Amino acid sequence: MTQIDFNEEMAAELEVVYGRPDILRRRALVHEALGAAPGERVLDAGCGPGFYVAETLERVGAEGSVVGVDASAPMLAVAAKRCQGHENVDFHEGDVTALPVADADFDRVLSVQVLEYVADIPRALGELFRVLRPGGRVLIWDVDWATVSWHSEDPARMERFLRAWDQHLTDPTLPRTLSPQMRAAGFEDVQMEGHAFATNDLTEDTYAGGLLHLMADYVGTDEAQAEAAEQRDLQARGESYFACIQFCFTGTRPG
Ligand SMILES: C[S@@+](CC[C@H](N)C(=O)[O-])C[C@H]1O[C@@H](n2cnc3c(N)ncnc32)[C@H](O)[C@@H]1O
């Protein structure tokens, strides 16, 4: 199987999923850990539909500015629409391994659920380091998909479903090795925080509930559709259980 194609259809799907309460909670955690302040210049590397860019514009105010970079033109179109009316925002199509922005130009850089799709992590981290000013802060957020614990009455089928979903990523367990890779890229004061996303009520409002049909469509087999149907049955009977850990890494470019 191949990586997800971040095309127009996916941009429209993420637009809906990213408005759900669990993802709002994740964005609040990211903003708190990033700590963007009025007047600062911030880069969102892999900005997707632009929620972080729009919200960061509110935080940095008219004196600050935000740049969004993404490899997908459809994602950038959604992001640009979201930020219409702001003059202190720019978007560029580009890859996180070759960011189309100047050296040392940003006070803060964030990259949320992007590096797990990237093959050359040292190069991507080198780019995040290059574009930060000395003393600037980086935030990287990724999921360790091996931490997913998801109840099914057919655990072997669930295991196959999850491992098939893993194939939409380059590294489904990137958080395990990210801290030393960040230090090797030159970042100091590297911190990691794990955040549990767990529920016994798998509504569309939850992280997994929102992703379920997207996962089933990606895997694309009858078995995957059967797993999705089982999850809806478990939910109807009040027997759902889902848990996973998402990781927030922060670091500083030495001053
Ligand atoms: C799961 S979405 C996350 C979007 C956004 N960071 C958020 O959390 O709302 C992943 C995004 O990473 C982008 N992406 C994947 N690989 C990339 C790369 N090598 N360089 C830049 N963007 C990339 C995709 O186009 C997509 O918009």
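Higher on the page you've got the structure.
This write-up is about the structure you can find in this document. As the structure is a computational prediction, the values presented were derived from the model and not from experiment.

Calculation rules
- Residues numbered from 1 in each chain as written.
- Predicted model: local features only at pLDDT ≥ 70, side-chain atom pairs only at ≥ 80, totals over all residues.
- Heavy atoms only, no water.
- Near = heavy atom within 4 Å.
- Polar contact = N/O pair within 3.5 Å; in protein donor to acceptor, adjacent residues only side chain to side chain.
- Areas by Shrake-Rupley, 256 points an atom, 1.4 Å probe, with all protein chains shown as cover.
- Nonpolar A, V, L, I, M, F, W, Y, C, P; charged D, E, K, R; others polar.
- Buried < 20%, exposed > 50% of the residue type's maximum accessible area, 1.4 Å probe, protein only.
- Helix = DSSP H or I, 4+ residues; strand = E, 2+ residues; numbered from the N terminus.
- Arc of directions from axis to C-beta.
- Contact = heavy atoms within 4.5 Å.
- Expected span 1.5 Å × (residues − 1).
- Bend = angle between axes of the 7 residues up to and from the residue.
- Pairing = 2+ DSSP bridges.
- Right-handed = clockwise from strand over helix to strand, strands pointing away.

Around the ligand, the surrounding shell holds 19 residues, and the nearest of these are Tyr18, Gly46, Asp70, Val96 and Val112. Take Gly46: an N or O atom from its main chain is 2.7 Å from a nitrogen atom of the ligand. The contact in question runs from a nitrogen atom of the ligand to an N or O atom on the backbone of Ala71, over 3.3 Å. A total of 590 Å² of accessible area belongs to the ligand in isolation, and the protein chains cover 94% of it. For the shell around the ligand, the residue count by class is eleven nonpolar, five polar and three charged.

Of the residues making up helix 1 (residues 8-17), those classed as buried are Met10, Ala11, Glu13, Leu14 and Val17. Here the buried residues of helix 1 occupy an arc of 165° about the axis, which is enough to place them on one side. Helix 1 presents Glu8 and Glu9 as exposed residues on the side facing more than 90 degrees away from its buried surface. Structurally, helix 1 contributes buried residues whose contacts are with helix 2 (21-34), helix 3 (51-60), helix 4 (73-82) and helix 8 (207-219).

Attention now goes to helix 8. Spanning 13 residues, helix 8 covers 18 Å between terminal C-alpha atoms, matching the ideal 18 Å at 1.5 Å per step. The sharpest bend along helix 8 measures roughly 30° and falls at His213. Helix 8 sits mainly inside the fold: eleven of its 13 residues count as buried. Those residues of helix 8 that fall on the buried side of the exposure criterion are Tyr207, Ala208, Gly209, Gly210, Leu211, Leu212, Leu214, Met215, Ala216, Tyr218 and Val219. Just downstream of helix 8, Gly220 is the residue with a positive phi angle, here 75°.

In this section: the pairing of strand 4 (residues 106-112). Among the seven residues that make up strand 4, seven are buried, leaving the element largely enclosed by the rest of the structure. Sheet topology places strand 1 (residues 41-45) next to strand 4; three bridges connect them, and they run parallel. Each residue of the ladder has a partner; that of Asp44, found in strand 4, is Leu110. By the bridge criterion, six bridges tie strand 4 to strand 5 (residues 132-143) in an arrangement that is parallel. The partner of Phe106 across the bridge, within strand 5, is Leu132. Handedness of the crossover is the feature at issue here: the chain leaves strand 4, passes through helix 5 (residues 121-131), returns alongside strand 5, and the resulting connection is right-handed.

The subject of this paragraph is unusual backbone geometry. The phi torsion of most residues other than glycine is negative, and most of the peptide bonds are trans. You will see that Ala104, though not glycine, has its phi angle at about 50°, which is positive. By secondary structure assignment, the location of Ala104 is in the loop between strand 3 (89-93) and strand 4. Its relative accessible area of 36% is what places Ala104 among the partly exposed residues. One non-glycine residue, Asp189, lies in the positive phi region at around 50°. Looking at the secondary structure, you find Asp189 in strand 7 (residues 188-199). By relative accessible area, which is 47% here, Asp189 ends up partly exposed.

It is worth stressing that arrangement in space is one thing and function is another; only the former is reported here.
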